[in-house]
Amino acid sequence: MADIDMPRSQTVRYTILASEHAGGDFVLWLRYLSKWVNPSGHIFSEKDIARIMQEKRITPFQKTILSEAITPGTPTNAYVVKLRTPRGKAEILEIERRLRDGEQVY
């Protein structure tokens, strides 16, 4: 049973380290979350989520964003899932144009 739980505990540990590395960098935290959240769901078990939410090293803000990211249908979930999607040449050129024109990119 411990072997089955090991990858989950490593996921929790990695999440804690990622939160510490991201610190107050909102965009970096979202990029970390995009590794664990995909269009069909996320990699966390209920037990993982409970452990993460009790962790003192993860800020309340990061916990809120995590909660929103793993909830299907929220704007944060949609944004995080989109980060995983490869960008085509046309989309990259459009982003480049917006940056040159001083427009909002996201």
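Fair warning: this is a prediction, and the values are worked out from it, not measured in the lab. (Residues numbered from 1 in each chain as written. Predicted model: local features only at pLDDT ≥ 70, side-chain atom pairs only at ≥ 80, totals over all residues. Heavy atoms only, no water.)

Draft legend 1. Here's a closer look at the overall build of the protein. Within the protein, the regular secondary structure consists of six helices and two strands. Tracing the protein from N to C terminus, the helices and strands come up as α-α-β-β-α-α-α-α. Viewed in the frame of its principal axes, the protein has a C-alpha envelope of about 55 × 25 × 20 Å. Across the 106 residues in the protein, those meeting the buried criterion constitute 33%. Sequence separation of 24 or more characterises 55% of the internal contacts of the protein that already satisfy a separation of 6 or more. Roughly 7100 Å² of accessible area belongs to the protein as shown, and the carbon and sulfur atoms make up 58% of that amount. (Helix = DSSP H or I, 4+ residues; strand = E, 2+ residues; numbered from the N terminus. Buried < 20%, exposed > 50% of the residue type's maximum accessible area, 1.4 Å probe, protein only. Contact = heavy atoms within 4.5 Å. Areas by Shrake-Rupley, 256 points an atom, 1.4 Å probe, with all protein chains shown as cover.)

Draft legend 2. Representation of a nonpolar patch on the surface in the model. Taken together, the side chains of F26, V27 and F61 make up a nonpolar region of the molecular surface, amounting to roughly 290 Å² of accessible area. Its place among the elements puts V27 in helix α2 (residues 26–34). For V27, a relative accessible area of 48% gives the class partly exposed. (Patch = residues over 30% accessible without salt bridge, like charges linked within 9 Å, V, L, I, M, F, W, Y side chains within 5 Å. Salt bridge = Lys/Arg side-chain N within 4 Å of Asp/Glu carboxyl O.)

Draft legend 3. Looking closely at the nonpolar core. Core analysis: the largest hydrophobic core is formed by 21 residues, its most contacted members being W29, Y32, L33, F44 and L66. For this core, the secondary structure elements donating two or more residues are α1 (2–22), α2, α3 (46–54), α4 (60–69) and α5 (75–84). For L66, the contacting residues outside a window of four places in its chain are W29, L33, F44, I52 and M53. (Core = buried A, V, L, I, M, F, W, Y, C linked by side-chain atoms within 4.5 Å.)

Draft legend 4. Local environment of the packing of aromatic side chains. According to the stated counting rule, one finds five aromatic pairs in the structure shown. Summarising the aromatic geometry, the rings of F26 and F61 are spaced 5.7 Å apart at their centres and angled 50° between planes, so their arrangement reads as tilted. Taken as a pair, F26 in helix α2 and F61 in helix α4 lie far apart in primary sequence, 35 residues in all. For F26, a relative accessible area of 36% corresponds to the partly exposed category. By the ring-pair criterion, three or more aromatic residues cluster together here, those being Y14, Y32, W36 and F44. (Phe/Tyr/Trp six-rings, centres within 6.5 Å; stacked < 30°, edge-to-face > 60°.)

Draft legend 5. Here's a closer look at α2. Within the span of α2, buried status applies to L28, W29, L30, Y32, L33 and S34. Near the N-terminus of α2, the side chain that reaches the backbone nitrogen of V27, with its oxygen 3.2 Å away, is that of D25. (Polar contact = N/O pair within 3.5 Å; in protein donor to acceptor, adjacent residues only side chain to side chain.)

Draft legend 6. Geometry of the pattern of salt bridges. Tallied over the full model, the rule gives nine salt bridges. When the shortest N-O distance is used, the salt bridge between D101 and R97 registers 2.8 Å. Within this pair, D101 and its partner R97 are both found in helix α6 (residues 89–101), separated by four residues, close to a single helical turn. Residue classification places R97 among the partly exposed positions, given a relative accessible area of 28%. One salt-bridge network, in which partners are shared between bridges, spans E94, R97, R98, D101 and E103.

Draft legend 7. Quick peek at the packing of α3 against α4. At their nearest, the axes of α3 and α4 sit 10 Å apart, and the two run at 160° to each other. Judged on the interaxial angle alone, α4 and α3 are roughly antiparallel. Judged by the twist between their axes, the crossing of α3 over α4 is left-handed. Where α3 abuts α4, its residues I52, M53 and Q54 lie against K63, L66 and S67. A per-class count over the contact of α3 with α4 returns three nonpolar, two polar and one charged. (Axes fitted to C-alpha atoms, helices over the stretch in contact; angles between N-to-C directions. Parallel < 35°, antiparallel > 145°, perpendicular 65-115°, else oblique. Left-handed = near helix turned anticlockwise from the far one by under 90°. Nonpolar A, V, L, I, M, F, W, Y, C, P; charged D, E, K, R; others polar.)

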